[in-house]
Amino acid sequence: MTNQQPWSREEFEAKLRDKGKYYHIKHPYHVLMAEGKLNEDQIRGWVLNRFYYQVTIPRKDAAIMANCPDRETRRMWVQRILDHDGHGDDPGGIEAWIQLGLACGLQREGITSLRHVLPGVRFAVDAYYNFCRTAPWQEAVCSSLTELFAPTIHKQRLAGWPELYPWIKPEGLAYFQKRVSQARRDVEHGLAFTLDYFGQSRQLQERALEILQFKLDVLWTMLDAMWLAYIDNKPPYFNIQE
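Residues numbered from 1 in each chain as written. Predicted model: local features only at pLDDT ≥ 70, side-chain atom pairs only at ≥ 80, totals over all residues. Heavy atoms only, no water.

- Looking up the protein chain in an unreviewed UniProt entry gives the name Pyrroloquinoline-quinone synthase, with the organism given as Methylomarinovum caldicuralii.
- The protein chain has a UniProt comment under Pathway (unreviewed entry) that states "Cofactor biosynthesis; pyrroloquinoline quinone biosynthesis."
- If you open the UniProt record of the protein chain and go to Catalytic activity (unreviewed entry), you find "6-(2-amino-2-carboxyethyl)-7,8-dioxo-1,2,3,4,7,8-hexahydroquinoline-2,4-dicarboxylate + 3 O2 = pyrroloquinoline quinone + 2 H2O2 + 2 H2O + H(+)". (UniProt positions renumbered as here; feature names shortened; annotations may be inferred.)

Considering the overall build of the protein chain
Then comes step 1: A count of helices and strands for the protein chain gives 11 helices and 0 strands.
Then comes step 2: Ordering the α and β elements of the protein chain from the N terminus gives α-α-α-α-α-α-α-α-α-α-α.
Then comes step 3: Its C-alpha atoms give the protein chain a radius of gyration of 18 Å, within 12% of the compact-globule value 18 Å for 242 residues.
Then comes step 4: Taken along its principal axes, the extent of the C-alpha atoms in the protein chain is 55 × 45 × 35 Å.
Then comes step 5: A burial count over the protein chain gives 51% of its 242 residues as buried.
Then comes step 6: Considering only intrachain contacts with a sequence separation of at least 6, the fraction spanning at least 24 residues in the protein chain is 78%.
Then comes step 7: Total accessible area computed for the protein chain in this model is approximately 11,900 Å², and 52% of it derives from carbon and sulfur atoms. (Helix = DSSP H or I, 4+ residues; strand = E, 2+ residues; numbered from the N terminus. Rg over C-alpha atoms; globule rule 2.2 N^0.38 Å. Buried < 20%, exposed > 50% of the residue type's maximum accessible area, 1.4 Å probe, protein only. Contact = heavy atoms within 4.5 Å. Areas by Shrake-Rupley, 256 points an atom, 1.4 Å probe, with all protein chains shown as cover.)

So, the state of the cysteines
Then comes step 1: Applying the stated rule across the entire model yields 0 disulfides.
Then comes step 2: Sulfur of Cys 142: no disulfide; nearest cysteine sulfur belongs to Cys 132 and is 10 Å away.
Then comes step 3: For Cys 142, a relative accessible area of 0% corresponds to the buried category. (Disulfide = S-S within 2.5 Å.)

Remarks on the pattern of salt bridges
Then comes step 1: Within the structure shown, the criterion is met by 14 salt bridges.
Then comes step 2: Residues Arg 44 and Glu 40 are paired through a salt bridge, measuring 3.1 Å at the closest nitrogen-oxygen approach. With a gap of 4 residues between them, Arg 44 and Glu 40 both fall in helix H3 (residues 40-67), about one helical turn apart.
Then comes step 3: Look at Glu 40 and you get partly exposed, because its relative accessible area is 34%.
Then comes step 4: Between Glu 72 and Arg 75 there is a salt bridge, with the nearest N and O atoms lying 3.5 Å from each other. Of this pair, Glu 72 and Arg 75 are both found in helix H4 (residues 71-85), 3 residues apart, which corresponds to roughly one turn of the helix. (Salt bridge = Lys/Arg side-chain N within 4 Å of Asp/Glu carboxyl O.)

Some points on unusual backbone geometry
Then comes step 1: Of note in the backbone geometry, Asn 233 takes a positive phi value of approximately 55° without being a glycine.
Then comes step 2: Within the secondary structure, Asn 233 sits in the segment after helix H11 (202-231).
Then comes step 3: According to the relative accessible area criterion, Asn 233 is exposed, its value standing at 57%.

Re the environment of Leu 216
Then comes step 1: Relative to the assigned elements, Leu 216 resides in helix H11.
Then comes step 2: Assessed through its relative accessible area of 1%, Leu 216 is described here as buried.
Then comes step 3: When the C-alpha positions of Leu 216 and Leu 145 are compared, they lie 9.4 Å apart, and in sequence the two are 71 residues distant.

Next up, the structure:
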């Protein structure tokens, strides 16, 4: 246990933002994607597996709300569920991701069945969900802060994909367009809460950095599994003969 004085609010925020160097935009899979070097099956594999993360997001947010006794936090957090599940005339982010899959040439049933999700991806996403379900709600809120780095990756895809992957129908990019503004809004709330709550002591601040690193590890590990399956052509049990 540390007895050091807490960092200033500015120092603490700088340390949280510095974790961006571990964001999955730096993973070799994403680097190849941004350079236009993935083939159609590799893009489709990413879309299929990432869908499991998309459908888990509102479930983890519901778990955070179930554990949160603070009414004002719940009133703000519920918007995240609506963003993904949809409401009124807005079909939501999950449907937008399905449309991305369709634009890539996939079939709806093949996406929503989840049968193509790699075990490593499923394991990583489930670990994140279980953390948000069982950890103190304040820690689960902190884990959302990878959104600090998300607008950059969405803008990268919007700028590059139309030219690099012209076979993807442009209407499929609507998910990234919506998340640029949504993620920025979510960051404002999540970051302010983290700075306030975890800024009370150096021990809490260091815990926040650990939590953010855990979430970064989840995102990186998902791509590790995809790299093995779609780049190295070694999907699970590839060497087992029936």
